[in-house]
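Below, each chain spelled out in residue letters.
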Amino acid sequence: MLTAADLERGALKPTWCPGCGNFGMYRALKEAIEELGLAAEELVMVWGIGCHGNGADFYNVQGFHGLHGRALPLATGIALTRPDLTVIVEMGDGDGYGIGGNHFLHSVRRNIDLTAIFHNNQIYGLTTGQASPTSDQFMRTPSTPGGVIEEPVNPVGVAVAQGATFVARGFAGDIPHLKELYKRAIQHKGFSLVDVYQPCVTWNKVNTFSWFRERIYKVEDLPDYDPRDRTKAFHLSMSTFHELTCAPDECRIPIGVFLEDPDSFTYQDGLPQLDRPMFKHAERPRDITQALEPYRV
Ligand SMILES: Cc1ncc(C[n+]2csc(CCOP(=O)(O)OP(=O)(O)O)c2C)c(N)n1
Ligand code: SF4
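This section reports on the structure supplied with the text. (Residues numbered from 1 in each chain as written. Chains lettered and ligands numbered in written order. Predicted model: local features only at pLDDT ≥ 70, side-chain atom pairs only at ≥ 80, totals over all residues. Heavy atoms only, no water.)

Focus on the state of the cysteines
Part 1 of the argument: Throughout the structure, instances matching the rule amount to 1 disulfide.
Part 2 of the argument: Shown here is the disulfide that connects Cys246 with Cys251, its sulfur atoms set 2.2 Å apart. One disulfide, between Cys246 and Cys251, carries an S-S torsion of -135 degrees and so falls in the left-handed class. In this structure, Cys246 and Cys251 share a single accessibility class: buried. (Disulfide = S-S within 2.5 Å. Buried < 20%, exposed > 50% of the residue type's maximum accessible area, 1.4 Å probe, protein only.)

Structure, rendered in structure tokens:
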């Protein structure tokens with residue numbers, strides 16, 4: 001079984017800026033994997049491109065560092081050929097909701113059995129602070145000096161409306177809560193979205209740790225909390241407006257599991273040929289020593 005320490009790559013330590021929200025997400029995920037008792041050969045991770053994607057260097061797992069926005073198609077291929085594995089995908093908001101937005105939409109409606117974790121820092125971190133699809137309206141950034149004009153993407157609302165079977169939102173500043181979200185998401189059968197508010201301390205000076213702490217509350221503390229109620233989940237997803245001028249008592253940001261359908265029909269369920277994982281259909285491994293002989297130096 002993997003321990004949190006096993007998941008670290010020894011001397012190769014994360015190079016994220018000191019204080020970056022990625023550290024909290026890193027710790028929460030390592031602990032979630034340990035507490036779920038996953039073995040190294042049962043787990044595969046896929047990353048998109050961005051500061052979050054540098055996690056590919058820091059996790060000691062079987063994994064794939066994909067192209068910008070293309071982590072979900074790669075993960076889909078893995079999940080379909082190896083339905084026996086636990087597949088975890090990490091993406092950024094620019095990566096997954098921007099350039100990869102179409103893949104996000106279709107992965108949700110297909111209900112591919114995997115866990116998608118979005119590092120939502122509401123900015124392009126790696127490319128030095130341009131506006132992303134989840135940047136607040138009117139936010140000034142190097143690419144929007146007059147302020148963002150358009151409405152941000154509402155990933156939780158999109159996923160709920162598109163028939164997602166597990167939708168959660170976490171906060172990188174609440175590691176114990178985030179770890180529990182990760183565990184539930186990984187155990188869910190079907191596509192699991194965990195959108196995580198991950199403060200970028202270098203480029204987003206508005207949506208900071210303290211900004212979130214003043215506004216966040218947990219959906220499970222609501223008196224009528226029922227994660228099976230899609231209509232309520234959608235209403236909840238709409239109460240996330242957090243314009244820059246909004247005072248803490250005027251805008252409250254819910255975190256937690258918005259939606260969970262424990263009896264979901266996955267894409268894999270619709271493919272009876274996956275009863276036997278595809279790799280088991282392949283030929284037995286062959287000895288390629290002879291084929292390599294001409295290249296020996
Ligand atoms: C096809 C393509 N377009 C643009 C880029 C440049 N690029 C690299 S990272 C990045 C933004 C990453 O932002 P985000 O996904 O929000 O992740 P973060 O760095 O904030 O974790 C961009 C635009 C690229 N690598 N590939
Ligand atoms: S630029 Fe932002 S997201 Fe990237 S490592 Fe630094 S603080 Fe984190």
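On we go from here.
Focus: the packing of helix 1 (residues 22-36) against helix 7 (residues 175-187)
Part 1 of the argument: Packing of helix 1 against helix 7 brings their axes to within 8 Å, and their N-to-C directions diverge by 50 degrees. Judged on the interaxial angle alone, helix 7 and helix 1 are oblique. Once helix 1 is placed against helix 7, the crossing between them reads as right-handed. Seen from helix 1, the contacting residues are Gly24, Met25, Arg27, Ala28, Leu29, Glu31, Ala32, Glu35 and Leu36; seen from helix 7, they are Ile175, Leu178, Lys179, Glu180, Tyr182, Lys183, Ile186 and Gln187.
Part 2 of the argument: Looking at side-chain class alone, the contact of helix 1 with helix 7 contains 9 nonpolar, 2 polar and 6 charged residues. (Axes fitted to C-alpha atoms, helices over the stretch in contact; angles between N-to-C directions. Helix = DSSP H or I, 4+ residues; strand = E, 2+ residues; numbered from the N terminus. Parallel < 35°, antiparallel > 145°, perpendicular 65-115°, else oblique. Left-handed = near helix turned anticlockwise from the far one by under 90°. Contact = heavy atoms within 4.5 Å. Nonpolar A, V, L, I, M, F, W, Y, C, P; charged D, E, K, R; others polar.)

Topic: the pattern of salt bridges
Part 1 of the argument: Applying the stated criterion across every chain, the model contains 13 salt bridges.
Part 2 of the argument: Two residues, Glu31 and Lys179, come together in a salt bridge whose shortest N-O distance is 3.9 Å. With a gap of 148 residues between them, Glu31 in helix 1 and Lys179 in helix 7 connect regions that are remote in the sequence.
Part 3 of the argument: Among the residues examined, Glu31 registers a relative accessible area of 23% and is labelled partly exposed. (Salt bridge = Lys/Arg side-chain N within 4 Å of Asp/Glu carboxyl O.)

Here we look at the site of ligand 2
Part 1 of the argument: Neighbouring ligand 2 are Trp16, Cys17, Cys20, Cys51, Asn121, Gly125, Gln198, Cys200, Val201, Thr202 and Trp203.
Part 2 of the argument: For the shell around ligand 2, the class distribution of residues is 7 nonpolar, 4 polar and no charged. (Near = heavy atom within 4 Å.)

Here's the deal with the site of ligand 1
Part 1 of the argument: Taken together, 16 residues are adjacent to ligand 1, and Cys51, Asp95, Asn121, Gly125 and Leu126 come closest.
Part 2 of the argument: Separating an oxygen atom of ligand 1 from a side-chain N or O atom of Asn121 is a distance of 2.9 Å.
Part 3 of the argument: If ligand 1 stood free it would expose 590 Å²; the protein chains cover 72% of that surface.
Part 4 of the argument: Examining the composition of the shell around ligand 1, we find that 4 residues originate from one element, helix 4 (residues 93-99), more than from any other.
Part 5 of the argument: Looking at the shell around ligand 1 residue by residue, the classes come out as 6 nonpolar, 8 polar and 2 charged. (Polar contact = N/O pair within 3.5 Å; in protein donor to acceptor, adjacent residues only side chain to side chain. Areas by Shrake-Rupley, 256 points an atom, 1.4 Å probe, with all protein chains shown as cover.)

Considerations on unusual backbone geometry
Part 1 of the argument: Residue Asn111 is not a glycine yet carries a positive backbone phi of 55 degrees.
Part 2 of the argument: Along the chain, Asn111 turns up in the loop between helix 5 (101-110) and strand 4 (114-120).
Part 3 of the argument: Notably, Phe138 is not glycine yet its phi reads approximately 80 degrees, a positive angle.
Part 4 of the argument: By the element assignment, Phe138 lies in the loop between strand 4 and helix 6 (155-161).

Let's talk about helix 5
Part 1 of the argument: Among all positions of helix 5, only Gly101, Phe104, Ser107 and Val108 are buried. One side of helix 5 carries all its buried residues, which in axial view fall inside an arc of 125 degrees.
Part 2 of the argument: Those residues of helix 5 that are buried are in contact with helix 3 (71-81), helix 4, strand 4, helix 6 and strand 6 (191-197).
Part 3 of the argument: Just downstream of helix 5, Asn111 is the residue with a positive phi angle, here 55 degrees. (Arc of directions from axis to C-beta.)

Some words on the environment of Val89
Part 1 of the argument: On the secondary structure map, Val89 appears in strand 3 (residues 86-92).
Part 2 of the argument: You can call Val89 buried: its relative accessible area is 0%.
Part 3 of the argument: Ignoring sequence-local partners within four residues, the contact set of Val89 consists of Val46, Ala71, Leu72, Ala75, Leu114, Thr115, Ala116 and Ile117.

Things to note about the pairing of strand 3
Part 1 of the argument: Burial runs high along strand 3: 7 of the 7 residues are buried.
Part 2 of the argument: Here strand 3 shows two buried faces, one formed by Thr86, Ile88, Glu90 and Gly92 and the other by Val87, Val89 and Met91.
Part 3 of the argument: Bridge analysis of strand 1 (residues 43-47) against strand 3 gives 5 bridges, and the strand direction is parallel. Pairing of Trp47 across the sheet is with Glu90, part of strand 3.
Part 4 of the argument: As paired strands, strand 3 and strand 4 are joined by 5 bridges and run parallel to one another. Opposite Glu90, over in strand 4, you have Ile117 as the bridge partner. (Pairing = 2+ DSSP bridges.)

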